[in-house]
Amino acid sequence: MNIFWQELRFYRKSLLIWVLALSTTLIVFLSSYQSISSQIDVFREVVSHYPKALLLVINFRFEIFYTIYGYFGYILTFIWLAGAIQAMNYGVSILSKEVTDKTADFLLSKPVSRSRILTEKFAAGLSLIVITNICFTVTALLGAKYFSHSNFGIKTFIMLSATLFFVQVFFLVLGFLFGTILPKIKTVLSVALPTVFIFFIVASFGGILDKPDFYYLTPFKYFDPVYIYQNSGYDPKYLFALGGFVVTSLVLSYIVYIRKDIKL
Amino acid sequence: MNVIETSKLSKFYGKERGIENLDMQVNEGEIFGFIGPNGAGKSTTIRTILSIVHPTSGSASIFGKDVTKYGPEIREEIGYLPSEIFYYENMKAIDLLRYSASFYKKPKNHMEHRIQTLAKLLELNLDKKIDDLSFGNRKKVGIIQGLLHEPKLIILDEPTGGLDPLIQQKFFNLIQQENKRGASVLFSSHILGEVQRLCDRVGIIKEGKMIKVEKISDLLEKSTKRFKLTTKGKADKAVLLNITGISELVYNGNDINFLFRGHLRDITKAIAKLDLVNLDVNEPDLEEIFLHYYR
């Protein structure tokens, strides 16, 4: 477990910054809920002039927007985007930094198997995501309680909040796969940012073109706040898609990494 | 028993040659020098037997166990100093060394004690961040990292770069101590001198192939030396005329330049007849060894 703990130590500062950034963003958004919901007619008027494409891109769902769930769901689009970058960053860097920092020879000459390295590193990445989400959910609950001035279903709210976790797991696993397959990654952000945005753009186009088949391709479309609100659950077909992707990618990561030549 | 044994070991990176059909045996308890110019395949050999890269063909075993099957088990007893210095960002030397120790099964307090002793010996400040250490000091961290668990096999890949002569001497003593304790050593270098000082046998690698394995004593006896003489006035060319072992003889004014391979007694006897102003005898560099010794 030593690699696991060491990785957590390496990332504690980054984790703290991300948690603070996500929580602050959330609080800032939530704090304007009161003023928006009290002037809902004005807001409706303004939004009706927005181009439909824009509303789709920002995942704006008017049906429930004026409720705390809907408003939170709307904020989540932006949180997902940021969280995806965080997760992808962790996934890519946790393996590739050993090569860029030339520490791979150090690590691989120790009495550890490749699969143990991979398992402990993945566990570390996943823990970082879990910690992020615990902090985020607690902030969300406290924030909503404070700013909404009305009762809300905690279960639905937590289910909405947990979508961040699923989106992050997707990108963590994807980053991990990139870290094993790509031979040398000079800067992690140059891989993470474009990838996340490509998935975001695919999601937007899927929405604009009204092509639900596209939705399978991108986790940004797996979790529709309206669906979660109405069904008190996630859409199973997308959960399967996510699960399938995670399992496939992880298996592929192990196969590649165990056989990989680590170059200087 | 051979501590390291490779059989027709080959490693290609795509079409690029790393090593080709390399056979090597390192005996238990010896210090084996592994010498060759940069790019000859020394690091590739080492990284292959450590399973950092996988062989294209052939096999390698350490302690009699196949390296691809028993990697982790074998590496428990290996100490490795990579040629490239490494550092984890924002880590103190002591943190890195404790992290390194955490991989081994040996008693923790024993390894901690080793870390402190070795750091004292090599004059390394353990509380400094590795980022802030000089090249030579980082190398010291690498050395301690490779020795703290008292391995049975020590693999050193160009270990002396960046070390000042004093520390280098301490390092050599350390390696000899470890060797006396029973550790076998694979010492890779492109400097013949340091290999000569330390090793029992030496393997010469050229373009990915082991071209010669020789005892140091034999090598020294047969080794080529470069002579540079300056005489007072014009030298008598007859003096060096019929001595076997001289090559590349060049007269340049009062300077005489040549390579000599053979018994030193023969050549010193001859040049004693010259009226010398200056005499310079050097180890030839590796290129010269390759050119003249293995023609």
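> Help me out: how do you make sense of the overall build of chain B in this one?
Along its length, chain B carries 10 helices and 14 strands. In terms of overall dimensions, chain B has C-alpha extents of about 70 × 45 × 35 Å along its principal axes. A total of 295 residues make up chain B; the buried ones form 51% of that total. Long-range pairs, those at least 24 residues apart, make up 69% of the contacts in chain B between residues at least 6 apart in sequence. For chain B, the accessible area works out to roughly 13,700 Å², and carbon and sulfur atoms hold 48% of it. Side chains of chain B give 43 positive and 39 negative charges; the mean places of these two sets differ by 1 Å.

> Would you take a moment to explain the side chain of Thr132 of chain A for this structure?
All names here are of chain A. Mapped onto the secondary structure, Thr132 falls in helix α8 (residues 114–148). For Thr132, the side chain forms a polar contact with the main-chain oxygen of Leu128, separated by 2.7 Å. Setting aside its immediate chain neighbours within four residues, Thr132 contacts Leu15, Val19, Leu22, Gln86 and Gln168.

> What exactly am I supposed to notice about the domain arrangement of chain B here?
Parsing chain B into structural domains produces domain 1 (2–220) and domain 2 (223–293). Each of domain 1 of chain B and domain 2 of chain B was reduced to a C-alpha centroid, and the two centroids are 37 Å apart.

> Would you mind showing me how to read the pattern of salt bridges here?
Side-chain pairing between opposite charges can occur once the charged atoms of the two side chains come close. Scanning the model with the defined rule gives 19 salt bridges over all chains in all. Measuring nitrogen to oxygen at the nearest pair gives 3.7 Å for the salt bridge that ties Arg114 of chain B to Glu150 of chain B. Linking Arg114 of chain B in helix α4 (residues 108–122) with Glu150 of chain B in the loop between α5 (135–147) and β7 (153–157), this pair joins segments that are 36 residues apart in sequence. Taking relative accessible area as the criterion, Arg114 of chain B reaches 13% and is therefore assigned buried. Take Glu150 of chain B: its relative accessible area is 22%, and that puts it in the partly exposed class. Residues Lys170 of chain B and Glu123 of chain B are paired through a salt bridge, measuring 2.8 Å at the closest nitrogen-oxygen approach. With Lys170 of chain B in helix α6 (residues 165–181) and Glu123 of chain B in the loop between α4 and α5, this pair connects stretches of sequence that are 47 residues apart. Among the ionic contacts, a cluster of salt bridges with common partners joins Glu7, Lys97, Glu98 and Lys121 of chain A.

> What is the right way to look at the sheet that holds strand β10 (residues 209–215) of chain B in this model?
Strand pairing within a sheet occurs via backbone hydrogen bonds; the two strands may be parallel or antiparallel. Residue and element names in this part refer to chain B. Strand order in this open sheet of six strands is β6-β7-β8-β3-β9-β10, and the pairing throughout is mixed. Each having just a single partner strand, β6 (78–81) and β10 make up the two edges of the open sheet. On average, each strand axis in the sheet is inclined to that of its neighbour by 15°, with strand direction left out of account. Bridge count for β7 against strand β8 (residues 184–189) is five bridges, and the pairing is parallel.

> What am I meant to see in a nonpolar patch on the surface here?
Residues and elements named next belong to chain A. Residues Leu189, Leu193, Phe197, Ile201, Phe205, Ile208 and Leu209 make up a contiguous nonpolar surface patch of about 590 Å² in total accessible area. Of note, Leu193 is situated in helix α10 (residues 188–208). Under the relative-accessibility criterion, Leu193 is labelled partly exposed at 31%.

> I'm lost on α5 of chain B in this one. Help?
Since one α-helical turn is 3.6 residues long, residues separated by three or four positions face the same way. Its 13 residues place the ends of α5 of chain B 19 Å apart at the C-alpha level, agreeing with the 18 Å of an ideal helix rising 1.5 Å per residue. Among the 13 residues in α5 of chain B, 11 count as buried, and that is most of the element. Taken residue by residue, α5 of chain B has Gly136, Arg138, Lys139, Lys140, Val141, Gly142, Ile143, Ile144, Gln145, Gly146 and Leu147 of chain B as its buried positions. Lining the buried residues of α5 of chain B we find α7 (104–108) of chain A together with β6, α3 (93–101), α4, β7 and α6 of chain B.

> Just checking my understanding: could you explain the interface of chain A and chain B for this structure?
You'll often see interface size given as the accessible area lost when the parts meet. The interface is formed by 26 residues belonging to chain A together with 27 residues belonging to chain B. Across the interface of chain A and chain B, roughly 2,500 Å² is buried in total on both sides, 58% from carbon and sulfur atoms. Three residues, Phe106, Lys110 and Pro111 of chain A, lead the burial of chain A against chain B; their summed loss comes to 25% of the area buried on that side. Linking chain A with chain B are two salt bridges, by the criterion used here. Residue Arg47 of chain B is joined to Asp105 of chain A by a salt bridge in which the shortest nitrogen-to-oxygen separation is 2.7 Å. Listing elements by their share of the side of chain A that touches chain B, those giving two or more residues are α1 (2–31), α7, α8 and α12 (236–259) of chain A. In terms of residue class, the side of chain A that touches chain B is made up of 10 nonpolar, five polar and 11 charged.

> Whenever I open this one, the packing of aromatic side chains confuses me. Can you help?
The description of two aromatic rings rests on the distance between their centres and on the angle between their planes. This model, assessed by the stated rule, comprises 34 aromatic pairs over all chains. Measuring from ring centre to ring centre gives 6.1 Å for Tyr71 of chain A and Tyr74 of chain A, while their planes differ by 40°; the resulting arrangement is tilted. Highlighted residues: Tyr71 of chain A and Tyr74 of chain A, both in helix α6 (residues 68–100), separated by three residues, approximately one helical turn. For the pair Tyr71 of chain A and Tyr74 of chain A, one class covers both residues: buried. Centre to centre, the rings of Tyr88 of chain B and Tyr99 of chain B are 6.0 Å apart; their planes meet at 70°, and the pair counts as edge-to-face. One end of the pair, Tyr88 of chain B, is in the loop between β6 and α3; the other, Tyr99 of chain B, is in helix α3, with 11 residues separating them in the sequence.

Scoring rules and cut-offs
Residues numbered from 1 in each chain as written. Chains lettered and ligands numbered in written order. Predicted model: local features only at pLDDT ≥ 70, side-chain atom pairs only at ≥ 80, totals over all residues. Heavy atoms only, no water. Helix = DSSP H or I, 4+ residues; strand = E, 2+ residues; numbered from the N terminus. Buried < 20%, exposed > 50% of the residue type's maximum accessible area, 1.4 Å probe, protein only. Contact = heavy atoms within 4.5 Å. Areas by Shrake-Rupley, 256 points an atom, 1.4 Å probe, with all protein chains shown as cover. Lys, Arg positive; Asp, Glu negative; His and termini not counted. Charge placed at Lys NZ, Arg CZ, Asp CG, Glu CD. Polar contact = N/O pair within 3.5 Å; in protein donor to acceptor, adjacent residues only side chain to side chain. Domains from an automatic or database assignment. Salt bridge = Lys/Arg side-chain N within 4 Å of Asp/Glu carboxyl O. Pairing = 2+ DSSP bridges. Axes fitted to C-alpha atoms, helices over the stretch in contact; angles between N-to-C directions. Patch = residues over 30% accessible without salt bridge, like charges linked within 9 Å, V, L, I, M, F, W, Y side chains within 5 Å. Expected span 1.5 Å × (residues − 1). Buried area = accessible area lost by both parts, 1.4 Å probe. Nonpolar A, V, L, I, M, F, W, Y, C, P; charged D, E, K, R; others polar. Phe/Tyr/Trp six-rings, centres within 6.5 Å; stacked < 30°, edge-to-face > 60°.

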